[in-house]
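Descriptive analysis of the structure
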Amino acid sequence: MSNTRPAVAPGFGGLLVRAGVCAYVGALVALPLAALLAEGLGQGVRALWDAVSAPVAAEALRLTLTTAAIMALVNAVMGTATAWVLARYDFPGRGLLSALVDLPFAIPTLVTGVMLVLLFGPQSSLGGWFAAHGFPIAFAAPSIVLALLFITVPFVVRAVEPVLMEQDPAEEEAARTLGASTFTVFWRVLLPPLWPSLLSGTIRSYARALGEFGSIVVVSGNIPHRTLTAPIYVFGEIESGRSEVAAAISVVLLAVALGLTFGARAIERLTGTARA
Amino acid sequence: MVALYLGLVLLLPVSAIVAQAFRAGLGPLLQAFDDPAANHGLQLSFVLAAIAMTANGLLGIAGALVLTRHRFLGRRVLDALVDLPLAVSPVMTGLAFLLLFGRSGWLEPALDATGWKVAFAFPGLVVATLFVTFPFTLREVAYVLEELGTDEEEAAATLGASPWQTFLRVTLPNVRYGLGYGVILTTARSLGEFGAVLVLGGAISGHTQTATTFIYNALEERQEASAYSIALVLALASVVVLAALEWLKRRRRKEL
């Protein structure tokens with residue numbers, strides 16, 4: 001946030017609005033999360049560790065962290081490429097492509113899962129073909145990565161695009177005229193100013209992926225030790241009435257996601273690229 | 001290459017559901033609408049979206065004004081709290097509210113005393129939806145307010161406008177596209193909310209089952225046809241959402 005000073009000191013009405021907003025946020029956001037923290041940490045660090053290190057839980061956490069990491073790598077590369085195409089080229093269909101990038105914000109994640117089942121499920125021709133060639137997608141780990149890639153498309157693109165828009169294409173042209181290879185232009189001219197927004201966009205997509213539930217729950221099959229991710233494990237524990245275990249895993253995942261989000265915010269604030 | 005990637009990741013799955021709809025024809029789609037549970041679920045989802053849109057629209061404007069125009073102790077805390085719902089998995093949102101409103105939850109004594117029921121009832125769906133959609137309007141409006149600065153508001157105040165007049169005649173018209181964008185994101189998110197309403201609402205058919213939890217339950221019960229039909233309805237709704245977002249973005253760009 002920049003340093004716009006208040007126009008006038010808030011009067012009585014302004015103070016009332018401020019109190020109302022604080023009360024709403026306190027009741028709606030802070031209170032439930034305090035309850036979650038208390039339940040997760042209330043049994044002590046020992047119990048927290050036991051919950052996290054139980055074989056199925058540890059395996060679920062590892063699966064969530066690794067599938068999200070694979071997604072983040074692909075997303076960083078392809079998101080930058082997409083943003084570059086959108087910022088540098090004007091072609092028929094550019095508007096459509098740009099709108100398409102926002103599709104994951106508009107479509108329910110559960111519907112994303114349903115679409116992936118339809119596409120790669122055992123009954124579909126594509127899913128059958130992959131399964132027959134020893135690379136099943138639905139009800140296997142690849143479906144998790146695909147679901148995550150779908151839902152996180154906008155993160156890197158929308159973080160990097162504004163920076164690319166501000167960059168003068170003449171710099172790239174000058175480098176090329178001076179004999180730089182495509183790779184050199186990319187590495188030495190294009191990338192350096194992009195790093196902060198690329199990093200914060202990738203981090204945000206990773207944090208988002210850690211909590212994903214709706215798309216994965218229908219497409220991955222949720223097989224313990226193989227395709228059961230941490231949020232779905234948490235769901236199972238809630239359903240079985242073990243809310244203390246569910247809360248413990250939640251606290252761990254939430255700590256990672258929040259740490260990452262604050263990291264991304266710090267990068268954005270330091271480099272003045274705030275706004276996701 | 002970019003088009004190919006987006007085609008594979010985004011368009012191919014979307015085409016799968018469209019192809020399924022064409023293959024099945026209109027019959028199953030209309031049949032799904034005859035199902036009272038499906039109907040109820042869709043209606044419930046739209047009601048929840050309307051509530052979230054209104055409540056978080058109003059609170060979003062108020063919150064954005066407080067965050068950008070006020071300076072006070074704890075503003076940073078408020079600023080951080082606003083973004084929290086984005087970092088919390090929907091399942092955990094449901095769990096957090098269960099720990100408040102569920103059996104032996106923090107607020108159980110108060111709920112017992114007043115006879116209110118939140119968990120596995122309509123109010124639970126409302127709070128879950130309000131939580132997950134809270135940041136959208138606030139962030140969009142706050143962003144516009146930051147960009148605008150306070151010059152116009154100061155001018156209005158100098159010319160003798162009351163704070164309320166300044167707000168209605170200067171601030172509100174200025175943020176209208178940001179507000180619209182936030183409200184549409186809120187609608188989309190509430191229509192699509194699944195994890196939190198599943199955990200806190202319990203997806204009781206004809207009672208707390210929303211459109212998304214109907215799809216989930218139908219898949220579990222191997223009623224694929226009705227699941228796909230309602231999924232198609234939600235997918236179509238999201239196309240409308242996307243078109244509206246795009247239109248607003250264009251209008252905003254034209255004005256800048």
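The following refers to the structure shown. (Residues numbered from 1 in each chain as written. Chains lettered and ligands numbered in written order. Predicted model: local features only at pLDDT ≥ 70, side-chain atom pairs only at ≥ 80, totals over all residues. Heavy atoms only, no water.)

**A closer look at the overall build of chain A**
Helix and strand counts for chain A stand at 15 helices and 0 strands. The C-alpha extent of chain A, read off along each of the three principal axes, is 70 × 65 × 30 Å. The buried share among the 276 residues of chain A stands at 51%. Here the contacts in chain A between residues at least 6 apart in sequence split such that 74% fall between residues at least 24 apart. Carbon and sulfur atoms provide 68% of the accessible area of chain A, an area that totals close to 12200 Å². For chain A, the distance from the average position of its 16 positive side-chain charges to the average position of its 16 negative side-chain charges is 4 Å. (Helix = DSSP H or I, 4+ residues; strand = E, 2+ residues; numbered from the N terminus. Buried < 20%, exposed > 50% of the residue type's maximum accessible area, 1.4 Å probe, protein only. Contact = heavy atoms within 4.5 Å. Areas by Shrake-Rupley, 256 points an atom, 1.4 Å probe, with all protein chains shown as cover. Lys, Arg positive; Asp, Glu negative; His and termini not counted. Charge placed at Lys NZ, Arg CZ, Asp CG, Glu CD.)

**Looking at unusual backbone geometry**
Residues and elements named next belong to chain A. Even without a glycine there, the phi angle at His225 is positive, about 75 degrees. Secondary-structure assignment places His225 in the loop between α13 (214-219) and α14 (230-239). Given a relative accessible area of 46%, His225 falls into the partly exposed group.

**Some points on the packing of aromatic side chains**
The description of an aromatic ring pair uses the distance of the two centres, along with the angle that the planes make with each other. Considering all chains together, one arrives at 13 aromatic pairs over all chains under this definition. Ring centres of A:Phe120 and A:Phe130 lie 6.2 Å apart, and the angle between their planes is 65 degrees; this geometry places the pair in the edge-to-face category. Here the residue A:Phe120 occupies a position in helix α6 (residues 109-120), and A:Phe130 occupies one in helix α7 (residues 125-132), the gap between them amounting to 10 residues. Summarising the aromatic geometry, the rings of A:Phe183 and A:Trp187 are spaced 6.0 Å apart at their centres and angled 10 degrees between planes, so their arrangement reads as stacked. Taken together, the residues A:Phe183 and A:Trp187, both in helix α11 (residues 182-190) and 4 residues apart, mark about one turn of the helix. Under the relative-accessibility criterion, A:Phe183 is labelled exposed at 57%. Among the aromatic residues, those joined into a ring-pair cluster are A:Phe120, A:Trp129, A:Phe130 and A:Phe135. The residue whose ring lies beneath B:Arg252 is B:Tyr181, and the NZ or CZ to ring-centre distance is 5.2 Å. (Phe/Tyr/Trp six-rings, centres within 6.5 Å; stacked < 30°, edge-to-face > 60°. Lys NZ or Arg CZ within 6 Å of the ring centre and 35° of its normal.)

**Describing the pattern of salt bridges**
Residue and element names in this part refer to chain A. Taken as a whole and assessed by the stated rule, the structure comprises 19 salt bridges over all chains. Residue Asp50 is joined to Arg46 by a salt bridge in which the shortest nitrogen-to-oxygen separation is 3.8 Å. Taken together, the positions of Asp50 and Arg46, both in helix α2 (residues 45-53) and 4 residues apart, correspond to about one turn of that helix. Classification of Asp50 by relative accessible area gives partly exposed; the value is 40%. (Salt bridge = Lys/Arg side-chain N within 4 Å of Asp/Glu carboxyl O.)

**Brief notes about helix α3 (residues 55-88) of chain A**
An ideal rise of 1.5 Å per residue puts 50 Å on 34 residues; α3(A) measures up with 49 Å between its terminal C-alpha atoms. A:Asn75 marks where α3(A) bends most, by close to 25 degrees. (Expected span 1.5 Å × (residues − 1). Bend = angle between axes of the 7 residues up to and from the residue.)

**Notes on the environment of A:Ile232**
Residue and element names in this part refer to chain A. Position of Ile232 among the secondary structure elements: in helix α14. With relative accessibility at 5%, the residue Ile232 sits in the buried group. Once the C-alpha coordinates of Ile232 and Ser124 are considered, the two residues, 108 residues apart in sequence, prove to be 25 Å apart. Not counting residues up to four positions away in its chain, the partners in contact with Ile232 are Phe213, Ile216, Val217 and Asn222.

**Section: a nonpolar patch on the surface**
Residues and elements named next belong to chain A. Together, Phe183, Phe186, Trp187 and Trp195 make up a nonpolar patch on the protein surface, roughly 470 Å² of accessible area in all. Top element by residues in the nonpolar patch is α11. It accounts for 3 residues. On the secondary structure map, Trp195 appears in helix α12 (residues 195-210). (Patch = residues over 30% accessible without salt bridge, like charges linked within 9 Å, V, L, I, M, F, W, Y side chains within 5 Å.)

**Looking at the side chain of A:Asp102**
With respect to the helices, strands and loops of the structure, A:Asp102 is situated in the loop between α4 (94-101) and α5 (103-106). The exposure class assigned to A:Asp102 is buried, which follows from its relative accessible area of 2%. If near-sequence neighbours (up to four positions away) are discounted, A:Asp102 is found in contact with A:Pro154, A:Arg158, B:Tyr181, B:Leu242 and B:Lys249.

**Observations concerning the interface of chain B and chain A**
When the parts come together, some accessible area is lost, and that loss is often what is quoted as the size of the interface. Contact with chain B, which involves 80 residues of that partner, is made by 77 residues of chain A. For the pair chain B and chain A, the summed buried area comes to about 7200 Å², and 79% of that belongs to carbon and sulfur atoms. A per-residue breakdown of the area chain B buries against chain A is headed by B:Tyr5, B:Leu10 and B:Met92, which together make up 9% of the total. Here chain B is connected to chain A by 4 salt bridges. Residues A:Arg269 and B:Asp79 are paired through a salt bridge, measuring 3.9 Å at the closest nitrogen-oxygen approach. Of the residues that constitute the side of chain B that touches chain A, the class distribution is 55 nonpolar, 12 polar and 13 charged. (Buried area = accessible area lost by both parts, 1.4 Å probe. Nonpolar A, V, L, I, M, F, W, Y, C, P; charged D, E, K, R; others polar.)

**Brief notes about helix α5 (residues 90-101) of chain B**
Residue and element names in this part refer to chain B. Between the first and last C-alpha of α5 there are 16 Å, a value that for 12 residues agrees with the 16 Å anticipated at 1.5 Å per step. Most of α5 sits out of view: 12 of its 12 residues are buried. Turning to α5, its buried residues number three or more, namely Pro90, Val91, Met92, Thr93, Gly94, Leu95, Ala96, Phe97, Leu98, Leu99, Leu100 and Phe101.

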